[in-house]
Amino acid sequence: MELKELSKRLEEVYRKIKAELNWEPVGPTPMPELSDLRNWDMRLLKTYKPFYAPFCDMCCICTFGKCDLTEHRRGACGIDIATQQARLVLLACLIGCSCHTGHAAHILDYLIEKYGPDKKIDLGEGVAVEAPHIRTVLGMKPETLGDLKVAIEYIYKELTHLLSSVHTGQEGSYLDYESKALHAGMLDHVGMEVAELAQISGFNYPTSVAETPLVDLGWNAFDKTKPIILFIGHNPATSTAVVDYLRESGLYDKVEFGGICCTALETARYSDRAKVVGPLSRQLFFVRSGIADVIMTDEQCIRTDITQEAAKVGSALIATLEKAMYGLEDATNMDTDEIVRKMVDEKKQFVILNPRKAAEVAVKVAMEIAPKRRKEWITEEEAKELAKKCSLCGLCEQVCPNLFNIGKGISEVAKGNFDTIRDIFNLCIGCGKCEEECPRNVPIFKIMQQAASKEVWKIRAGRGPIMDTEIRNVGAPITLGTIPGVIALVGCSSYPDHRDLAEVVEEFAKRKYIVVLSGCAGMVAGMWKDADGKTIYEKYPGNFDAGCVVNVGSCVANSHITGAAIKIANIFAALPLRANYEVMADYVLNRVGAVGVAWGPYSQKAAAIATGCNRLGIPVVVGPIASKYRRLYLSRKEEDDWRVMDARKKQIVDTGEPSPEHLIYVCETKEKLMVTLAKLCIRKNDTPQGRAIKLNHYISLYKKYMGGGLPEDLHLYVRRDADIPLVYKKEVKAYLDSIGWKPKEPVGLPTWIGTYPTKVPVDAVIR
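Analysis parameters
Residues numbered from 1 in each chain as written. Predicted model: local features only at pLDDT ≥ 70, side-chain atom pairs only at ≥ 80, totals over all residues. Heavy atoms only, no water. Helix = DSSP H or I, 4+ residues; strand = E, 2+ residues; numbered from the N terminus. Buried < 20%, exposed > 50% of the residue type's maximum accessible area, 1.4 Å probe, protein only. Contact = heavy atoms within 4.5 Å. Areas by Shrake-Rupley, 256 points an atom, 1.4 Å probe, with all protein chains shown as cover. Salt bridge = Lys/Arg side-chain N within 4 Å of Asp/Glu carboxyl O. Lys, Arg positive; Asp, Glu negative; His and termini not counted. Polar contact = N/O pair within 3.5 Å; in protein donor to acceptor, adjacent residues only side chain to side chain. Pairing = 2+ DSSP bridges. Expected span 1.5 Å × (residues − 1). Bend = angle between axes of the 7 residues up to and from the residue. Core = buried A, V, L, I, M, F, W, Y, C linked by side-chain atoms within 4.5 Å. Right-handed = clockwise from strand over helix to strand, strands pointing away. Phe/Tyr/Trp six-rings, centres within 6.5 Å; stacked < 30°, edge-to-face > 60°. Lys NZ or Arg CZ within 6 Å of the ring centre and 35° of its normal. Axes fitted to C-alpha atoms, helices over the stretch in contact; angles between N-to-C directions. Parallel < 35°, antiparallel > 145°, perpendicular 65-115°, else oblique. Left-handed = near helix turned anticlockwise from the far one by under 90°. Nonpolar A, V, L, I, M, F, W, Y, C, P; charged D, E, K, R; others polar.

A. Layout of the overall build of the protein. Looking only at helices and strands, the protein has 28 helices and 22 strands in total. By its C-alpha atoms, the protein is 80 × 65 × 60 Å across when sized along the principal axes. Within the protein, the proportion of its 767 residues that are buried is 63%. Long-range contacts, defined here as pairs at least 24 residues apart, represent 76% of the contacts in the protein between residues at least 6 apart. On the protein, roughly 27800 Å² of surface is accessible, and the fraction owed to carbon and sulfur atoms is 51%.

B. Structural detail: the pattern of salt bridges. By the definition in use, this model includes 67 salt bridges. Residues R643 and D641 are paired through a salt bridge, measuring 3.1 Å at the closest nitrogen-oxygen approach. Owing to a relative accessible area of 13%, D641 belongs among the buried residues under this scheme. Put simply, R9, E33, K157 and E158 are held in one network by salt bridges that share partners.

C. Region of the structure containing the side chain of E24. As for its placement among the helices and strands, E24 is situated in the loop between helix 1 (8-16) and helix 2 (38-47). Here E24 occupies a buried position and makes no salt bridge, while the nearest side chain of opposite charge, R135, is found at 5.7 Å. A polar contact is formed between the side chain of E24 and the side chain of N570, at a distance of 3.2 Å. If sequence neighbours within four positions are ignored, E24 has contacts with N570, P576, L577 and R578.

D. Inspection of the sheet that holds strand 22 (residues 750-751) at higher detail. One open sheet accounts for 3 strands, arranged 20-19-22; its pairing is antiparallel. In the strand order of this sheet, the two ends are held by strand 20 (651-654) and strand 22, each with one partner. Relative to strand 22, strand 19 (residues 643-646) runs antiparallel, the two being bridged by 2 bridges. Considered in strand 22, the bridge of M645 is made with T751.

E. Seen up close, helix 19 (residues 468-480). Between its first and last C-alpha atoms helix 19 spans 19 Å; for 13 residues at 1.5 Å apiece the expected length is 18 Å, and the two agree. Residue V474 marks the point of greatest curvature in helix 19, where the axis turns by about 45°; the proline P477 follows within four residues. Next to the buried residues of helix 19 lie strand 13 (486-489), strand 14 (514-518), helix 23 (558-572) and helix 24 (581-591). At the exit of helix 19 stands G481, carrying a positive phi of roughly 100°.

F. Spotlight on helix 2. Among the residues of helix 2, W40, D41, R43, L44, L45 and T47 are the ones counted as buried. Looking at the packing, one finds that the buried side of helix 2 touches strand 1 (49-52), helix 6 (174-203), helix 24, helix 25 (604-615), strand 18 (631-634) and strand 19.

G. Representation of the environment of K226 within the structure. Its location among the elements puts K226 in the loop between strand 4 (214-217) and strand 5 (228-232). Given the relative accessible area of 24%, K226 is considered partly exposed. Separated by 140 residues in sequence, K226 and A366 have C-alpha atoms that sit 9.1 Å apart. Here K226 is in contact with D253, K254, E256, R273, D293 and K375, once residues within four sequence places are set aside.

H. Examining the nonpolar core more closely. I134, L138, W219, I229 and F286 are the most contacted members of the largest nonpolar core, which has 262 residues in total. It is helix 6 that contributes the most residues to this core, 14 residues altogether. Excluding residues that lie within four positions of it along the chain, L138 makes contacts with I17, P30, M31, H133, V150, A151, Y154 and V190.

I. Broad picture of the environment of R43. For R43, the location among the structural elements is in helix 2. Put simply, R43 and T755 are 712 residues apart on the chain and 8.5 Å apart in space, counted from C-alpha to C-alpha. Not counting chain neighbours up to four residues away, the residues in contact with R43 comprise D641, R643, W752, T755 and Y756. A distance of 3.5 Å separates a polar atom in the side chain of R43 from a polar atom in the side chain of T755.

J. Inspection of the pairing of strand 6 (residues 256-260) at higher detail. Counting buried positions along strand 6 yields 5 of 5 residues, so the element is predominantly enclosed. Neither face of strand 6 is exposed, since E256, G258 and I260 on one face and F257 and G259 on the opposite face are all buried. Of the pairings in the sheet, the one linking strand 5 to strand 6 comprises 5 bridges and is parallel in character. The partner of F231 across the bridge, within strand 6, is G259. With helix 7 (residues 237-248) bridging strand 5 and the parallel strand 6, this β-α-β connection has right-handed handedness. A crossover links strand 6 with its parallel partner strand 7 (residues 275-278), the connecting element being helix 8 (residues 262-270), and its sense is right-handed.

K. Just the side chain of K694, in detail. Tracing the backbone through its elements, the reader meets K694 in helix 27 (residues 688-705). For K694, a relative accessible area of 1% puts it in the buried group. When sequence neighbours within four positions are dropped, the list of residues in contact with K694 reads G481, I483, P484, G593, C681, I682, R683 and D686.

L. How the structure looks around the packing of aromatic side chains. A complete count under the given rule lists 17 aromatic pairs for this structure. Relative to Y174, the ring of Y52 has its centre 6.2 Å away and its plane inclined at 85°; by these criteria the two rings are edge-to-face. On the criterion of sequence distance, the pair formed by Y52 in strand 1 and Y174 in helix 6 is long-range, its members being 122 residues apart. Summarising the aromatic geometry, the rings of F203 and Y270 are spaced 6.0 Å apart at their centres and angled 80° between planes, so their arrangement reads as edge-to-face. Residue F203 is found in helix 6, and its partner Y270 is found in helix 8; the two are separated by 67 residues along the sequence. This pair shows no difference in class: F203 is buried, exactly as Y270 is. Three or more aromatic residues link up through ring pairs in this structure, and these residues are W40, Y48, W642, W752 and Y756. Positioned over the ring face of Y270 is R247, at 5.6 Å from the centre of the ring. Geometry around W377 places K454 over its ring, the cationic atom sitting 5.5 Å from the centre.

M. Seen up close, the packing of helix 2 against helix 6. Remark: helix 2 packs on helix 6, axes separated minimally by 9 Å, with the N-to-C direction vectors making an angle of 115°. The pairing of helix 2 with helix 6 is recorded here as roughly perpendicular in orientation. Relative to helix 6, the crossing made by helix 2 is right-handed. Within the contact between the two elements, helix 2 uses R38, D41, M42 and L45 and helix 6 uses L175, D176, E178, S179 and L182. The residue makeup of the contact of helix 2 with helix 6, split by class, is 4 nonpolar, 1 polar and 4 charged.

Quick look at the structure:
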């Protein structure tokens, strides 16, 4: 299109994305605004209808209220309960997207300050499509750190419009709020990608390599005879500065360092000496152990009472980012030696916003105070004595979110039996409410030190992007179904039953699915060893292929997982991605059998990540506590619209096949999760061979975990005899005959393009 034919807005967009660079033609939606992908969203929401489970049916946002929204009542502004719930969902997605984008913006500014805006983005020879989200959503191909600023400014603008829509007296449709939430989710993945591209280029993280180092994992991984520095949060600007300072000052082997939550994963990508303590759910437990001499916080997923908790156990604390300053004095411009003296002698805590200065202070303080501190787990005898204070009043159990029998566990410890408290610890989400409520101040977390495993596990350092060569190798088997699916376990995992996640990973890796992990889920899955003493990272290869277990990295590395789905459409299927979001999402929805799992997510970031997956056509299963997210996208499998366009015949076909069945679905048990994942990998594009493989797993998992028999909806996924797995042929045929099943023809090239109003022609999905 000639520039002179463009509107003023598009002229500006074309200028920003350097449209004159002809690496691909610019598609229909460069830098889409709120309404540009609305028709795609409405098509999604037509089949996958929002289901709400509100915590509260009142609205208290404005001074008109509070307004009762029960029984079809409307609020003073006219809002109904569904629209109010959708508004809260959008708000959660905006918070999540803002966190990732804020992280990206900070790290980008930090690295541009350090290296300049012209520093090249370099993901190595194995990654030519470096930014699948930015290319698809914005329509630009970033080459330098400075180019990434364009993406950040675009997200800022869209976030402002989205946030304004939640004001009183704005949007009045729950479907439009859902469309806006999907828009926020899409932006979230762009923001995460910016963070990853900047970090990989600026910190020289591993890229274009599958087998990254195995690093120590667990709260007992530190050498407690040395000074210990603990990082909590997500942003690696300061933790990498600490590593640099240790190297430069000859102290690299004399100080222990590591982290909790995503900063741990980021630091382990920078130095394989870094220890990964564990997920968010172990934060309070580890901080209260007093093992850390110095705690450095950055942003996100940090306990807001971290200053008090650190002070209780004598750990020094430095806050390093302006987003979480805890009311502390800003010592950024104070003399370094003066800060150290005040922290050592007066036990003062400070904000230090200069990473280099914060690093130097942290190391010097840690080396001074470490020799004076006790850093050992309590003994069995000490735990028994502490447990004798328990009066079995039951108050701890009343406030426990999971209603664990904590009192019994503690009373058993007093008798020398640690089994019950050990079981509770393994499932504990680490909120600390039990201890807070205890009238006798029984130190429950301290007692748990004796029950907690002292095992040290291994986790593979985050590898970053999936290489283009890997995409070429797996593109055909994934889209044909002969690799039965991609299972991505992501997010907070605040339900830390280590064995559950590890077993899910192992089950699907053994079945030759591609298994990908990120964030705290990646840590939790590594906290279990088999009979041979190996973790899943030691048992399975780290290359993106059938039967792999891939750790991509932290939360923001989730962009590589969704980016891989886009790459399959672009690299394998040769569909242009530039500003071509609907074609990419349609391809993923109908042909890429990928499913996300957020097992125990707690934060708004997880809501944004999942909703971004949904707009891209990737279903997500949440559980076991995630029903509290209050909104699912569910179909009614035998009633909803399962029509697709057969792109080769240009005909709309009613398949009657609910694949994928849901976009966001909740499971409350590992057993249900196993079966659901296998089903959600089914796609209309499956060949008979691929479908038979997928149904074989669906049936065998159903028999293994649901008590035998056949899934009651199996007939919906069998198109012809050739789809029936050979091993179950006789049993399935008998079942199909008994219900009067009739065969139907598979669709040659299924697409939603052409089934709803869109500027995209059907031919755009054919190559």
